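If you want the building blocks of each chain, they are given just below.
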Amino acid sequence: MKHNLQYHFENVVSYDNGETVEVVTVGYDYLPEENNYPYAPDYAEIFDVFVFSQGKDITYDIPQDEYKRLMEEAKINFASLEAV
């Protein structure tokens, strides 16, 4: 996986109100709240999410609503890994 991210999964991104759909790889790192304490006094956990298409980082090229959805998908993906 590019950038040595801890976790990754496949998903799709929609452009132009669903006219264009692209299969992407979502990679992310997870920092639990107890490890994040020195940086965020409110103990927030961090999901650092990146989106790749054909090996190219397209994180800043996708629509904001799609990025937010993929962020939620990353949280779901992580929870499913923790449940195993």
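Rules and cut-offs
- Residues numbered from 1 in each chain as written.
- Predicted model: local features only at pLDDT ≥ 70, side-chain atom pairs only at ≥ 80, totals over all residues.
- Heavy atoms only, no water.
- Helix = DSSP H or I, 4+ residues; strand = E, 2+ residues; numbered from the N terminus.
- Buried < 20%, exposed > 50% of the residue type's maximum accessible area, 1.4 Å probe, protein only.
- Contact = heavy atoms within 4.5 Å.
- Areas by Shrake-Rupley, 256 points an atom, 1.4 Å probe, with all protein chains shown as cover.
- Pairing = 2+ DSSP bridges.
- Polar contact = N/O pair within 3.5 Å; in protein donor to acceptor, adjacent residues only side chain to side chain.
- Patch = residues over 30% accessible without salt bridge, like charges linked within 9 Å, V, L, I, M, F, W, Y side chains within 5 Å.
- Salt bridge = Lys/Arg side-chain N within 4 Å of Asp/Glu carboxyl O.

(A) View of the overall build of the chain. When helices and strands are counted, the chain shows 2 helices and 4 strands. Each helix and strand of the chain, placed in order from N terminus to C terminus, yields the pattern β-β-α-β-β-α. The burial tally for the chain puts 35% of its 84 residues in the buried class. Taking contacts inside the chain between residues at least 6 apart in sequence as the whole, the part at least 24 apart equals 45%. Summed over all atoms, the accessible surface of the chain reaches about 5,700 Å², with 49% contributed by carbon and sulfur.

(B) Broad picture of the pairing of strand S2 (residues 20-31). Pairing between strand S1 (residues 7-15) and S2: 9 bridges, direction antiparallel. Opposite Phe9, over in S2, you have Val26 as the bridge partner. Here S1 folds back onto S2 in antiparallel fashion, the turn holding 4 residues, of which Asp16 has a positive phi close to 55 degrees. Pairing of S2 with strand S3 (residues 46-53), which is carried by 7 bridges, proceeds in the antiparallel orientation.

(C) Molecular detail of the side chain of Thr25. By the element assignment, Thr25 lies in strand S2. Its relative accessible area of 17% is what places Thr25 among the buried residues. A distance of 2.9 Å separates a polar atom in the side chain of Thr25 from a polar atom in the side chain of Glu10.

(D) A look at a nonpolar patch on the surface. Judged by side-chain polarity, Val12, Val21 and Val23 come together as a nonpolar surface patch covering roughly 260 Å² of accessible area. Along the chain, Val12 falls in strand S1.

(E) Fine view of the pattern of salt bridges. Inspection of every chain in the model, using the stated rule, returns 2 salt bridges. Across the pair Arg69 and Glu66 runs a salt bridge whose closest N-O atoms are separated by 3.0 Å. One end of the pair is Arg69 and the other is Glu66, both in helix H2 (residues 64-83) and 3 residues apart, which spans about a single turn. Between Glu72 and Lys75 there is a salt bridge, with the nearest N and O atoms lying 3.6 Å from each other.

Keep in mind these values describe shape, not function.
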